[in-house]
Amino acid sequence: MALSLYVDTARWRAHQKSVIDQFPGLIPVCKGNGYGFGHERLAEETARFGADMLAVGTTYEAAKIKDWFGGDLLVLTPFRRGEEPVPLPDRVIRSVSSVDGVHALVGARVVIEVMSSMKRHGVREEELGQLASAIEDVRLEGFALHLPLDRPDGTDAVEEVIAWMDRLRAARLPLHTMFVSHLRAEEQARLQQQFPQTRFRARIGTRLWLGDHEATEYRGSVLDVTRVAKGDRFGYRQQKAASDGWLVVVAGGTSHGVGLEAPKAMHGVMPRAKGVARAGLATVNRNLSPFVWAGKQRWFAEPPHMQVSILFVPADAQEPQVGDELVAHLRHTTTQYDRLVER
C-alpha cells in the first residue's frame, strides 16, 4: 500500500522529444527532488536522449548525480567565496554571478550569470568592464541570462537578451555561447537567426519533464475505512464528525509532501476571492485534500499525518474499499512517492 507515481512512459518520452526538437542544444535541468521523478531517473533519461550536459541546482546535487550521468554538469546556484568545498570532477561547470566569484575560481570552468529583469542575481552592466581581465584566469563556457516567466509590462524577452548581447559586445567579452531560461522556441529561433555566431542553449526543467500533465498521475492506496455517525469523535484531536460517513485512511502524508503548498501569485478578483474563501474555511478546520474519490476532491478529516492522510467521505457517496487507489493532485516538485509504476 503506497503513494504511487504512475508514468505513461511512451507518452512522457514523446513529450520530451517534442521539447528537445524545438530547442536545439537544450540542457535538461535536474534539481530539487528531480521534478518528482528523482535525480537518478532524470539522469538516466538525459543520458538516454543523448544530451551532453545536465544542469543541477547545487554542488551537493552535482556530487550525487556525477555517478549517474557521465557528461558535463552545470551547477545553477552561483558560487560564493567561502562556501563549503565539495569534491567535484573537472566536468562540473560553476555558475558565477559576481566579479569576485570569477576571481576566486582560477582555472575553473564557469558560466557567468548577468543580471536580468528577474533581479535575483547576476553581474551588473556597470561591472562588465572588470570582467575582461578576470576571465583570463578561468575557462569561460559562456554567459547566462535567467528571464522572468511573466511580463505584465509588455516588455519583450528577445529584446532583453539582445540588449545584454550588445552590452557584452561593447565590453569586448566573448559571445560564443549564451545560456538562457524561459524563452519560447520561436524566441530562441529569432535570436539564433540574428546572432548566428553565438550558440544559444536553453536550460529547461519544468517544460521538459512536466509539460504533459496527462503523462503522469499520483495515486494513494486506501489502507482502512471506518464508518462514523454524526457526532462521533475521531483522530488525534478527537474532533466530532459533522455528519454520517466514512473515515478513509489513504497512503500519503507530510513525509510525501501531502499538505504542502507553495504561495501563489494571484491576479484578478476571482482568484483572490477563492483564496479568501479557502482561508476562511481553514479557520474552522475545513481543508480540501488533494485526493479524489467519486469525482470529487475530498476534505481532510484532520491535518495529514506523517505517512497517511485521513479523509472524510460523506454517506451519500460510494463507500471506498481497502485497496482502492485515489487519484491525488500533487505538485511534483514537493512530492516524494513510495514507488514509481511504468505503464
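Note that this is a predicted model, so its numbers are computed, not measured.

*Asks:* Tell me about the overall build of the chain, residues and numbers included.
*Replies:* Regarding its fold elements, the chain presents 9 helices and 18 strands. When its C-alpha atoms are laid out on the principal axes, the chain stretches across 75 × 45 × 40 Å. A buried classification covers 47% of the 343 residues belonging to the chain. In the chain, once contacts between residues fewer than 6 apart in sequence are set aside, the share between residues at least 24 apart is 66%. Here the chain displays about 17,400 Å² of accessible surface, and carbon together with sulfur accounts for 51% of that area. Distance between charge centres in the chain, computed from 43 positive and 42 negative side chains, equals 3 Å.

*Asks:* Break down unusual backbone geometry for me, citing the residues and quoting the values.
*Replies:* Located in the positive-phi region is Y35, a residue other than glycine, with phi close to 55°. Along the chain, Y35 falls in the loop between strand 2 (27–30) and helix 2 (39–48).

*Asks:* Now, about the UniProt feature "domain: Alanine racemase N-terminal" (unreviewed entry) in the chain: what can you tell me, with residues and values included?
*Replies:* Following the UniProt record, the feature "domain: Alanine racemase N-terminal" (unreviewed entry) maps to residues 15–169 here. Each end of residues 15–169 is marked by a C-alpha atom, and these two atoms are 37 Å apart; helix forms 31% of the span and strand 19%.

*Asks:* Tell me what's going on with the packing of helix 6 (residues 157–170) against helix 7 (residues 185–194), and back it up with residues and numbers.
*Replies:* Following both chains from N to C, one finds helix 6 and helix 7 inclined at 35°, their axes separated by 9 Å at the closest point. Seen from above, helix 6 lies across helix 7 with right-handed handedness. Here helix 6 contributes A157, V158, E159, V161 and I162 to the contact with helix 7, which in turn contributes E187, R190, L191 and Q194. Its residues placed into classes, the contact of helix 6 with helix 7 shows 5 nonpolar, 1 polar and 3 charged.

*Asks:* Lay out the pattern of salt bridges in plain terms, naming residues and giving numbers.
*Replies:* Evaluation of the coordinates by the stated rule reveals 22 salt bridges. Residue E45 pairs with R13 through a salt bridge whose shortest N-O separation is 2.8 Å. With E45 in helix 2 and R13 in helix 1 (residues 9–22), the pair connects residues that are 32 residues apart, well separated along the chain. Judged by relative accessible area, which is 30%, R13 ranks as partly exposed. We note a salt bridge from R48 to E45, for which the minimum N-O separation is 3.2 Å. With R48 and E45 both in helix 2 and 3 residues apart, this pair spans about one turn of that helix. Beyond isolated ion pairs, a larger network of salt bridges with shared partners links R13, R41, E45, R48 and E342.

*Asks:* Quick one: what's the story with the nonpolar core, residue by residue and with numbers?
*Replies:* In this structure, F37, I112, L131, F143 and L168 are the most contacted members of the largest nonpolar core, which totals 87 residues. Among the elements that take part in this core, helix 6 stands out by supplying 7 residues, more than any other. When neighbours within four sequence positions are excluded, I112 is seen to be in contact with V96, V102, V123, L131, I135, L140, G142, F143 and A144. V228, F234, A301 and F312 belong to the second largest nonpolar core, which has 7 residues in total.

*Asks:* Give me the pairing of strand 7 (residues 139–146): which residues, what numbers.
*Replies:* Within strand 7, 6 of the 8 residues are buried, which leaves the element mostly enclosed by the surrounding structure. Both strand 6 (residues 109–113) and strand 7 contribute to a ladder of 5 bridges, which runs parallel. Residue E113 lies in a different strand from strand 7, and its bridge partner there is A144. Direction of pairing for strand 7 relative to strand 8 (residues 177–181): parallel, over a ladder of 4 bridges. Directly across from F143, in strand 8, lies its bridge partner M178.

*Asks:* Kindly report on helix 1, identifying the contributing residues and their values.
*Replies:* In an α-helix, one turn spans 3.6 residues, which is why side chains three or four residues apart end up on the same side. Taking 1.5 Å per residue, 14 residues should reach 20 Å; helix 1 reaches 20 Å between its end C-alpha atoms and fits that length. Looking at helix 1, one finds that the buried residues are T9, W12, H15, Q16 and V19. The buried residues of helix 1 occupy an angular sector of 130° when the element is viewed end-on, so they sit on one face. Opposite its buried face, helix 1 presents the exposed residues A10, K17 and D21, each directed more than 90 degrees away. Buried residues in helix 1 make contact with strand 1 (3–7), helix 2, strand 9 (199–204), helix 8 (206–210) and strand 18 (339–342).

Conventions we followed
- Residues numbered from 1 in each chain as written.
- Predicted model: local features only at pLDDT ≥ 70, side-chain atom pairs only at ≥ 80, totals over all residues.
- Heavy atoms only, no water.
- Helix = DSSP H or I, 4+ residues; strand = E, 2+ residues; numbered from the N terminus.
- Buried < 20%, exposed > 50% of the residue type's maximum accessible area, 1.4 Å probe, protein only.
- Contact = heavy atoms within 4.5 Å.
- Areas by Shrake-Rupley, 256 points an atom, 1.4 Å probe, with all protein chains shown as cover.
- Lys, Arg positive; Asp, Glu negative; His and termini not counted.
- Charge placed at Lys NZ, Arg CZ, Asp CG, Glu CD.
- UniProt positions renumbered as here; feature names shortened; annotations may be inferred.
- Axes fitted to C-alpha atoms, helices over the stretch in contact; angles between N-to-C directions.
- Left-handed = near helix turned anticlockwise from the far one by under 90°.
- Nonpolar A, V, L, I, M, F, W, Y, C, P; charged D, E, K, R; others polar.
- Salt bridge = Lys/Arg side-chain N within 4 Å of Asp/Glu carboxyl O.
- Core = buried A, V, L, I, M, F, W, Y, C linked by side-chain atoms within 4.5 Å.
- Pairing = 2+ DSSP bridges.
- Expected span 1.5 Å × (residues − 1).
- Arc of directions from axis to C-beta.

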